[in-house]
Amino acid sequence: MTVHFIGAGPGAADLITVRGRDLLGRCDVCLYPGSMTPPDLLEYCSPEAVLIDTANLSLDEIVARMVSAHEGGHDVARLCSGDPSLYSAVAEQMRRLDDAGVPYAMVPGVPAFAASAAVLGRELTVPEVGQSLVITRAQARSTSMPPDETLANFAVSGATLALHLAINHIERVCAELVPHYGADCPAAVVALASQPGETVVRGTLSDIAGQARAAGMTRAATIFIGRVLAAEGFPDSFLYSATRDRTSQPDSL
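All figures in this text were calculated on a predicted structure; none of them were measured in a lab. Throughout this document, residue positions are counted from 1 along each chain, in the order its sequence is written. Reporting in this predicted model follows two pLDDT cut-offs: at least 70 for local features of residues, and 80 or more for side-chain atom pairs to be given and counted; totals over whole chains, interfaces and linings ignore these cut-offs and use all residues. Each side-chain value is derived from all of the structure's non-hydrogen atoms; neither hydrogens nor water enter the calculation.

## A word on helix α3 (residues 59-71)
In an α-helix, one full turn covers 3.6 residues, which means residues spaced three or four apart are oriented alike. What counts here: Secondary structure elements are taken from DSSP: a helix is a run of H or I of four residues or more, a strand is a run of E of two residues or more, and numbering for both begins at the N terminus. Helix span, expected: 1.5 Å multiplied by one less than the number of residues in the helix. Relative accessible area decides the class of each residue, using a 1.4 Å probe on protein chains only: under 20% of the type maximum gives buried, over 50% gives exposed, and in between gives partly exposed. Summarising the geometry, the arc corresponds to the directions from the helix axis toward the C-beta atoms. We call two residues in contact when some of their heavy atoms are within 4.5 Å.
Over its 13 residues, α3 runs 18 Å from end to end, which matches the ideal 18 Å to within 8%, given 1.5 Å per residue. Buried within α3 we find I62, V63, M66, V67, A69 and H70. Summarising the axial view, the buried residues of α3 lie within an arc of 160 degrees, below the 170-degree limit, and thus occupy one face. Elements that come into contact with the buried residues of α3 comprise β1 (3-7), β2 (29-32), β4 (76-80) and α4 (90-100).

## Quick word on the packing of aromatic side chains
Aromatic ring pairs are defined here through the distance separating the ring centres and the angle between the ring planes. In plain terms, the rule: Stacked, tilted and edge-to-face are the three classes applied to pairs of Phe, Tyr and Trp rings, where Trp contributes its six-membered ring and a pair requires centres within 6.5 Å; stacked means planes under 30 degrees apart, edge-to-face means over 60, and tilted covers the rest.
The final tally for this structure, using the stated rule, is one aromatic pair. For the pair F5 and Y104, a centre-to-centre distance of 6.1 Å together with 75 degrees between the ring planes defines the contact as edge-to-face. A residue pair is termed long-range when its members are at least 10 positions apart, and F5 in strand β1 and Y104 in strand β5 (residues 104-107) qualify at 99 residues. Judged by its relative accessible area of 28%, Y104 falls in the partly exposed class.

## Quick word on helix α5 (residues 112-120)
Along α5, the positions that sit buried rather than exposed are F113, A115, S116, A117 and L120. Looking at the packing, one finds that the buried side of α5 touches β6 (133-137), β7 (160-164), β8 (186-191), β9 (199-204) and β10 (221-225). Directly beyond the C-terminal end of α5, a positive phi value near 70 degrees is found at G121.

## Describing the nonpolar core
As a reminder, the rule being used: Among the buried residues, those of types Ala, Val, Leu, Ile, Met, Phe, Trp, Tyr and Cys that are joined through side-chain atoms within 4.5 Å form a nonpolar core.
In this structure, I170, L177, V189 and I225 are the most contacted members of the largest nonpolar core, which totals 28 residues. Per-element tally for this core: the top contributor is helix α7 (residues 170-181), with five residues. The residues touching V189, leaving out its near neighbours within four places in the chain, are I167, I170, T199, V200, V201, I208, M217, A221, T222 and I223.

## With respect to the environment of D28
Inclusion rule: Polar contact is the term for a pair of N or O atoms within 3.5 Å; when the atoms are in protein, one must be able to donate a hydrogen and the other to accept it, and sequence-neighboring residues count only if both atoms are side-chain atoms.
As for its placement among the helices and strands, D28 is situated in the loop between α1 (18-26) and β2. Put simply, D28 and G73 are 45 residues apart on the chain and 9.2 Å apart in space, counted from C-alpha to C-alpha. Among all residues touching D28, those that are not within four sequence positions of it are A49, V50, G73, H74 and D75. Among the polar contacts listed, one links the side chain of D28 to the side chain of H74, at a separation of 3.2 Å.

## Observations concerning the sheet that holds β8
The condition is simple: In this scheme, strands are said to pair when DSSP sees at least two bridges between them. To get an axis, a line is fitted to the C-alpha atoms, and for a helix only the part in contact is used. The angle between two axes follows their N-to-C directions and goes from 0 to 180 degrees.
Reading across from one edge, β6-β7-β10-β8-β9 is the order of the five strands in this open sheet, with mixed pairing throughout. Looking along the sheet, the strands with just one partner apiece sit at the ends: β6 and β9. Strand-to-strand twist across the sheet, computed as the mean angle between neighbouring axes with direction ignored, equals 15 degrees. Taken together, the five bridges between β8 and β10 define a ladder with antiparallel strand orientation. Its bridge partner lying in β10, A187 is registered against I225.

## A few points about the state of the cysteines
The test is simple: Pairs of cysteine sulfur atoms within 2.5 Å are identified as disulfides in what follows.
All told, the structure shown has zero disulfides when counted by the stated rule. Of the cysteine sulfurs around C27, a residue in no disulfide, the closest is that of C30, at 7.8 Å. Taking relative accessible area as the criterion, C27 reaches 3% and is therefore assigned buried. For C45, which is in no disulfide, the shortest distance to another cysteine sulfur is to C30 and amounts to 4.0 Å.

## Quick look at the packing of α3 against α4
Two packed helices can be described by the angle between their axes and the distance between those axes. Formally: We call two directions roughly parallel when the angle between them is under 35 degrees, roughly antiparallel when it is over 145, roughly perpendicular when it lies between 65 and 115, and oblique otherwise. By convention, the crossing between two helices is left-handed when the near helix turns anticlockwise from the far helix through less than a right angle, and right-handed when the turn is clockwise. The classification used treats Ala, Val, Leu, Ile, Met, Phe, Trp, Tyr, Cys and Pro as nonpolar, Asp, Glu, Lys and Arg as charged, and all other residues, Gly among them, as polar.
For the pair α3 and α4, the least separation of the axes is 10 Å and the interaxial angle reads 45 degrees. On the basis of the axis angle, α3 is oblique to α4. Helix-helix and strand crossings are classified by hand; for α3 and α4 the assignment is right-handed. Between α3 and α4, the contacting residues are L59, D60, I62, V63, M66 and V67 on the first element and E92, Q93, R96, L97 and A100 on the second. Its residues assigned to classes, the contact of α3 with α4 comprises seven nonpolar, one polar and three charged.

## A short note on the pairing of β4
Counting buried positions along β4 yields five of five residues, so the element is predominantly enclosed. Of the two faces of β4, both are covered, the one formed by V76, R78 and C80 as well as the one formed by A77 and L79. Alignment of β1 against β4, held across five bridges, turns out to be parallel. Counted as the bridge partner of G7 is C80 from β4.

So yeah, pure geometry; function would need other evidence.
Here it is in structure tokens:
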């Protein structure tokens, strides 16, 4: 039997992948984060499936439930908000499953930053404006950041930033970034992307914190900083250029 770590997407039930949806329907046991999982997403589960809310369980208790289900001959769906490769605490769960000899697989999902960019209607990699995206978070009461992974270090490149888990520290974030990006640098915040209560504010580093506070944003928000958010007059991508040699293998479609 297998534990399937399934990216549940940013919230809307129809943003889970087809593979993830089908696995939910086949697994006998589903563990899900109650505070982040919309009820209609669980409707994809079999009516006979055992549903376990992990919101109040410790890591060891969660893994014990997965191991027990495996030993009972059951496939397990472990729902993760967004995509399991980002801020999902999957690594430590997989480490414990390795120790217990329990096989597992990962199913990608739509990450919050991608859903938020869609809400904004912006491409995050604009020719000659910004070609790199840094996904990071703010240091707070959570696990310590590696010493060199600071906002100031990331800001040196001028890359577009997407900050998770930082909305309650947005004033400090803006203050740290203004010296590098400038107070007029475009910024935006999307809270609860694809979910009921979805909220968007747009501005600059000088005013985005106040706007976010005024909008009552306190959770499930992604903060974006970068010139790509308001880019205009940029050159067309070489990908579809009329002068491009199309006899060679394209990089993408």
